[in-house]
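Here's the letter readout for the chains.
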Amino acid sequence: MKNNDSPAIQKLIELFSQFPTIGPRTAGRFVFHLLKAPKQEIDNLVAAIINLRSRVRLCEFCFNPFEPSPDKGQENKLCEICSNPLRQKSLLCITASETDLNSIEKTKKYKGIYFILGGTVSALKKTDLEKLRINELESRIKNRPEIQEIILAMSATTEGEATGLYLERFLKPFNKKITRLGRGLPVGGELEYADEETISSALEARK
Ligand SMILES: [Zn+2]
């Protein structure tokens, strides 16, 4: 697949290589796929990317991406979950990513609200910490005295464990009940790949 010096091709390979889990080889395949694709397909892709940025907003409370509905006007700053009056505002579930939030939502068992931390920390890397929305988390908890329980919904991986421990220490001074997902998630298991049944029981068995 090593080829040409076309700057246009090199540039796009470089851009795709920045995507999670995509290395230069796969990025190259994407580019050559696009070179063969009909113009309409390329136009659709470009339009979809532009729409993503113009239509999707991040929730001002939990950072969940959502599409504001035009009829709600300027007040439309919270996602469907945060603005749903039926969700329990006393229960806050912290997830590492949007994908993990979606996995928990799919179980339909969780009735509280969320906060997306934006990543995990490995025990060794201090730079990881700077990427997390720790300051935002702190301000959410301070501004919402109604929060009683905080669920740390981390994957059962080394990084998930490290992040859970870090959060536990960080949240201690706020004097809230802090729980973690219970048994059920296999050791080393990522939340994003667990099935709904497993996540449901891990939620119920939280401690
Ligand atoms: Zn939200």
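What you are looking at is a predicted structure, and each value in this text was computed from that prediction instead of being measured. (Residues numbered from 1 in each chain as written. Predicted model: local features only at pLDDT ≥ 70, side-chain atom pairs only at ≥ 80, totals over all residues. Heavy atoms only, no water.)

## Some words on the overall build of the protein
Then comes step 1: The helix and strand inventory of the protein stands at eight helices and six strands.
Then comes step 2: Overall, the protein shows an N-to-C arrangement of helices and strands of α-α-α-β-β-β-α-β-α-α-β-α-β-α.
Then comes step 3: With the principal axes as the frame, the protein shows a C-alpha extent of 60 × 45 × 35 Å.
Then comes step 4: Taking all 207 residues of the protein together, the buried fraction comes to 40%.
Then comes step 5: Long-range contacts, defined here as pairs at least 24 residues apart, represent 51% of the contacts in the protein between residues at least 6 apart.
Then comes step 6: Distance between charge centroids for the protein: 2 Å, based on 32 positive and 27 negative side chains. (Helix = DSSP H or I, 4+ residues; strand = E, 2+ residues; numbered from the N terminus. Buried < 20%, exposed > 50% of the residue type's maximum accessible area, 1.4 Å probe, protein only. Contact = heavy atoms within 4.5 Å. Lys, Arg positive; Asp, Glu negative; His and termini not counted. Charge placed at Lys NZ, Arg CZ, Asp CG, Glu CD.)

## A short note on the packing of aromatic side chains
Then comes step 1: In total, this model carries six aromatic pairs according to the counting rule given.
Then comes step 2: Centre to centre, the rings of Phe16 and Phe19 are 5.6 Å apart; their planes meet at 80 degrees, and the pair counts as edge-to-face.
Then comes step 3: Overall, the relative accessible area of 13% leaves Phe16 in the buried class.
Then comes step 4: A relative accessible area of 44% places Phe19 in the partly exposed class.
Then comes step 5: Members of the aromatic cluster, each reached through a chain of ring pairs, are Phe16, Phe19 and Phe30.
Then comes step 6: The aromatic ring of Phe63 is capped on one face by Arg133, whose charged end is 4.0 Å from the ring centroid.
Then comes step 7: Against the face of Phe61 rests Arg144, its NZ or CZ located 4.2 Å from the ring centre. (Phe/Tyr/Trp six-rings, centres within 6.5 Å; stacked < 30°, edge-to-face > 60°. Lys NZ or Arg CZ within 6 Å of the ring centre and 35° of its normal.)

## Overview of helix H8 (residues 196-204)
Then comes step 1: Among the residues of H8, those classed as buried are Thr198, Ile199, Ser200, Ala202 and Leu203.
Then comes step 2: At its buried positions, H8 is contacted by helix H4 (98-107) and strand S5 (149-153).
Then comes step 3: Near the N-terminus of H8, the side chain that reaches the backbone nitrogen of Glu197, with its oxygen 3.1 Å away, is that of Asp195. (Polar contact = N/O pair within 3.5 Å; in protein donor to acceptor, adjacent residues only side chain to side chain.)

## Considering the packing of helix H6 (residues 134-143) against helix H7 (residues 158-171)
Then comes step 1: Contact pair H6 / H7: the axes reach a minimum separation of 12 Å and the direction vectors enclose 45 degrees. The orientation of H6 relative to H7 falls into the category oblique. The two elements H6 and H7 cross, and the hand of that crossing is right-handed. In contact with Ile134, Leu137, Glu138 and Ile141 of H6, H7 contributes Tyr166, Leu167, Phe170 and Leu171.
Then comes step 2: When its residues are assigned to classes, the contact of H6 with H7 shows seven nonpolar, no polar and one charged. (Axes fitted to C-alpha atoms, helices over the stretch in contact; angles between N-to-C directions. Parallel < 35°, antiparallel > 145°, perpendicular 65-115°, else oblique. Left-handed = near helix turned anticlockwise from the far one by under 90°. Nonpolar A, V, L, I, M, F, W, Y, C, P; charged D, E, K, R; others polar.)

## Things to note about the environment of Leu86
Then comes step 1: Inspection of the secondary structure assignment puts Leu86 in the loop between strand S2 (65-66) and strand S3 (88-95).
Then comes step 2: Leu86 sits in the exposed class, given a relative accessible area of 74%.

## Remarks on a negative patch on the surface
Then comes step 1: Residues Asp195, Glu196, Glu197 and Glu204 make up a contiguous surface patch of negative charge.
Then comes step 2: Looking at the element boundaries, Glu204 is found in helix H8.
Then comes step 3: Taking the relative accessible area as the measure of exposure, Glu204 reaches 61% and is therefore exposed. (Patch = residues over 30% accessible without salt bridge, like charges linked within 9 Å, V, L, I, M, F, W, Y side chains within 5 Å. Areas by Shrake-Rupley, 256 points an atom, 1.4 Å probe, with all protein chains shown as cover. Salt bridge = Lys/Arg side-chain N within 4 Å of Asp/Glu carboxyl O.)

Honestly, it's all geometry; don't read function into it.
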